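One-letter residues, chain by chain:
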Amino acid sequence: MIVDIDNFQSLNIAQGRAYGDTILKKVATTLDAHTRYPTEIYRLESDLFAINLINKNKDDIENFYNELKIDLNGTCNISAGAVNYSNCGTTNGEEIYMYAKSALKKAKKNEKNQLVFFSNDEYKKDLESSELLDEIKECINSNFEHFSIEYQPQIDSKDFSIYGVEALLRYDSPSKGRIAPLKFIPLLEATKLICPVGEWVLKKAVAQCKEWRKHIPNLHISVNLSYIQLEQENITNTVLNILEEAELPGSALTLELTENMQLQNYSYFNKIFYMWNKNGIRISIDDFGTGYSNLSYLKLLNINEIKIDKCFVDHIQHNAYNFRLLKNMIELAHTTNIDVCCEGVEIIEELMILQELNADLLQGYLFYKPCTVYDFEQYYINEESESYHKRQEKEEHMRQLNPVGNKELLENFRNEEIKNIIDSMDEIVYVSDIDTYELYYINAAGRRITGVYDYTGAKCYQVLQGKDKPCEFCTNSKLSKNKFLVWENENKFLKSHLILKDKLISWKNKIARVEFAFDITKKEITTQTIQEKLNLNRSIVDSCKILSSENDINQSIRSVLKIIGDFCESDHTYILTSCEDGSLSNLSWEWYNENKYSIKSLLSIDSNRNFAENDDKTTMKITRNNKILGLIVVDNPKHKEKIDDFLETIAHFIGYALEAEETKKTLNSCLIQNNN
Ligand code: C2E
Ligand code: CA
Ligand code: CA
């Protein structure tokens, strides 16, 4: 492990060398205090220390570093780089030391005051990048040697003629061969070297376009512009000047900016875009759909084109989700006057779908790969060349394919899409033969509820009704092609209450029945519970009304008992009050279900019967000021578990009424007495 004191030089300068020396001593003694034999400590140069930690693992090293930090807190911060030399790929001391230094460099480069472990993979990448960067710098200095540009055609989707070309930068390293742009462009951006290189690309591309316009009069050129370039102060004029020097009109140029670029600062960019737009230059948003922006956000910017990324185009003919997404993107773009270029078109099937979706421009290997100036000229300019003729034939072929091939493909595609939609529906959908009852198709909801996943050869009545012969209520004979038959079925086999809609359709050259079944079982349960709640509230309100407006308490309590009895669907509901011995056994008021009790049996109810005998009953005490006034008893109630709250509320009102009655009585007798 190598340890380095953060900002030691500035400490030395600011506080003097003597102070620097005390810090060095403090670090040395702290290191010493935390190590034991066989660990060895070295002072390398200036403020650099090395510690050889033997037989220690990663956790040990981390702990060691954290302890040092705690002890040095208030003295100085330290950064450290560590290398596990048992598995770093070398036994050479010099190399191990270099690795540790590289890890330390990382620690210092990040936020300092931290420990970084050496990683072989990262080291290799860093080394390659820095070697590559050194090479690239040399090339830039020798007049962009080993840099070149390839051009990829952009096709007008209406007639497959060429609309323009995109300039794509290439770098052929003298030592490593061709390097992918995705590898070297980030390096150029990180070092801002993209500015001179980008300017070089623009100059070359614009000049090339000017040249080709002699043969292809309205050829356009698209050039990629990095956000680093866009941040340059004089970028607006740099671009305009290059066009002017090349004597190319602005309308020939499209600048492609990547979508994930930080374009939040609208007003800044709009000023630039406005100046360019004024000169005819078009602005395109590259890799559209892969970043954070959306079309509504783009409306805030002056954009002329979006380039839809290859990932949305890939296998679009099999991907209903991307199809809808792309359809929406293109339609939305068109409503805001933004053109759409689709990238990465590789196969004819993709092209057919994009045609249908009205993409304006197309680009991809299907038309032509990015190519050299020579290849491009052979393909598009040199009428004698073989590839020129091949291209003409290909274009002609595509034009002819258009109307016919398209239809069948789209038909398949639509069927696929419809199948996806039907499979995602909650309703059961199936198709069956009207004569043989063979089940031709059943959607995912149907497969789920029936549990039948392989229905080949099965009959509809087997799968849907669990029967071994056609249903007696089969509606096949009543169906027509132009109107749905709507009916209802309590399906015991599927334990569902279904509303069904059926009609006849053509199915693979036969007449078949299609049925949509809506399962309303759940909805019924919900409506039932809502209805119950409404009943409950109404019963409570009615009870209150009666108790407060009826003068005769006996009459009103009996009415309330009827309400309770009706609500609970009880046989017999009554109120017991205290006898003289204090027990709750005095049958004071009662209500009975006339359908269940005959007058005779009622007459035989005797007030002394043992009420505890009947188990299936619910009771609720009537209390007032902690005094029990009575007990409501409900025999054989329905929903026993749900009526407690209801009874409690009503018991409360009855208690109140009983108390009021009592007060009325005492007041009366008092008044009578006084009167006497
Ligand atoms: P991009 O601007 O999105 O360029 C399109 C990329 O897709 C190019 O990759 C092109 O070769 C590739 N491509 C085109 N058609 C097809 C296809 O049908 N199938 C497949 N699989 N790929 C296709 P390339 O040339 O590797 O460029 C990569 C990226 O490098 C470009 O993506 C662009 O962001 C950047 N780049 C290239 N040249 C320049 C430049 O001059 N300046 C800046 N700033 N960036 C550049
Ligand atoms: Ca591009
Ligand atoms: Ca792109």
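This text gives an overview of the structure that appears in the document.

So, how was this worked out
- Residues numbered from 1 in each chain as written.
- Chains lettered and ligands numbered in written order.
- Predicted model: local features only at pLDDT ≥ 70, side-chain atom pairs only at ≥ 80, totals over all residues.
- Heavy atoms only, no water.
- Phe/Tyr/Trp six-rings, centres within 6.5 Å; stacked < 30°, edge-to-face > 60°.
- Helix = DSSP H or I, 4+ residues; strand = E, 2+ residues; numbered from the N terminus.
- Buried < 20%, exposed > 50% of the residue type's maximum accessible area, 1.4 Å probe, protein only.
- Salt bridge = Lys/Arg side-chain N within 4 Å of Asp/Glu carboxyl O.
- 1 Å grid on protein atoms, 1.4 Å probe; cavity = no way out; pocket = protein on both sides within 12 Å on 5 of 7 lines; lining within 4 Å.
- Points joined across faces, edges and corners; volume = space filled by probe spheres on them.
- Nonpolar A, V, L, I, M, F, W, Y, C, P; charged D, E, K, R; others polar.
- Near = heavy atom within 4 Å.
- Polar contact = N/O pair within 3.5 Å; in protein donor to acceptor, adjacent residues only side chain to side chain.
- Areas by Shrake-Rupley, 256 points an atom, 1.4 Å probe, with all protein chains shown as cover.
- Sits in = over half its atoms within 2 Å of the grid points.

## Focus: the packing of aromatic side chains
According to the stated counting rule, one finds 23 aromatic pairs in the structure shown. A ring pair is formed by phenylalanine 273 and tryptophan 276, whose centres lie 6.4 Å apart and whose planes are at 25°; its orientation type is stacked. Placement of the pair is phenylalanine 273 and tryptophan 276 together in helix α10 (residues 266–278), with a separation of three residues, close to one helical turn. For the residue pair phenylalanine 273 and tryptophan 276, the accessibility class agrees, reading buried in each case. Seen in terms of ring centroids, phenylalanine 484 and phenylalanine 516 are 5.9 Å apart; in terms of plane orientation they differ by 75°. Their pairing is edge-to-face. Placement of the pair is phenylalanine 484 in the loop between α18 (460–465) and β17 (485–491) and phenylalanine 516 in strand β19 (residues 510–519), with a sequence separation of 32 residues. Take phenylalanine 484: its relative accessible area is 34%, and that puts it in the partly exposed class. Site record: aromatic cluster; members linked through ring pairs are Tyr151, Trp212, Tyr368, Phe376, Tyr379 and Tyr380.

## Overview of the pattern of salt bridges
According to the stated counting rule, one finds 31 salt bridges in the structure shown. A salt bridge links lysine 108 to aspartate 6; the nearest nitrogen and oxygen atoms lie 3.3 Å apart. A residue pair is termed long-range when its members are at least 10 positions apart, and lysine 108 in helix α4 (residues 93–109) and aspartate 6 in the loop between β1 (2–5) and α1 (8–15) qualify at 102 residues. On the basis of relative accessibility, which here comes to 23%, the residue lysine 108 falls in the partly exposed class.

## Re the layout of surface pockets
Computed from the structure, the largest pocket encloses a volume of approximately 1100 Å³. For the largest pocket, the lining is made up of 35 residues, of which Glu166, Leu168, Leu182, Asn224 and Asp286 are closest to its centre. Only β7 (162–173), α6 (181–190), α7 (194–212), β9 (220–225), α8 (227–230), β10 (253–258) and β11 (282–288) provide two or more residues apiece to the lining of the largest pocket. For the lining of the largest pocket, the per-class residue count stands at 15 nonpolar, ten polar and ten charged. What lines the second largest pocket is a set of 28 residues, and nearest its centre among them are Met1, Ala82, Val83, Asn84 and Tyr85. Taken together, the elements giving at least two residues each to the lining of the second largest pocket come down to β3 (48–52), α3 (58–72) and α4. Looking at the lining of the second largest pocket residue by residue, the classes come out as 17 nonpolar, nine polar and two charged.

## So, unusual backbone geometry
Leaving glycine out, the prevailing phi sign among residues is negative, and the prevailing peptide bond configuration is trans. In this model, glutamate 247 sits at a positive phi of 55°, which is unusual for a non-glycine residue. With respect to the secondary-structure elements, glutamate 247 resides in the loop between α9 (235–246) and β10. One non-glycine residue with positive phi stands out, namely asparagine 636, at about 45°. Along the chain, asparagine 636 falls in the loop between β23 (627–635) and α22 (644–675). What makes asparagine 636 partly exposed here is its relative accessible area of 27%.

## Observations regarding the site of ligand 1
With respect to spatial proximity, 21 residues lie near ligand 1, and among them Gln152, Arg170, Asp286, Glu346 and Tyr365 are the closest. One of the side-chain nitrogen or oxygen atoms of arginine 170 is found 2.8 Å away from an oxygen atom of ligand 1. One of the side-chain nitrogen or oxygen atoms of aspartate 287 is found 3.3 Å away from an oxygen atom of ligand 1. Within the complex, the protein chains bury 82% of what would otherwise be the 800 Å² of accessible surface of ligand 1. Under a 2 Å grid-point criterion requiring more than half of the atoms, the pocket assigned to ligand 1 is the largest pocket. Looking at the shell around ligand 1, the elements that each hand over two or more residues are β7, α6 and β11. Among the elements that make up the shell around ligand 1, the one with the highest residue count is β7 (four residues). For the shell around ligand 1, the residue count by class is nine nonpolar, five polar and seven charged.

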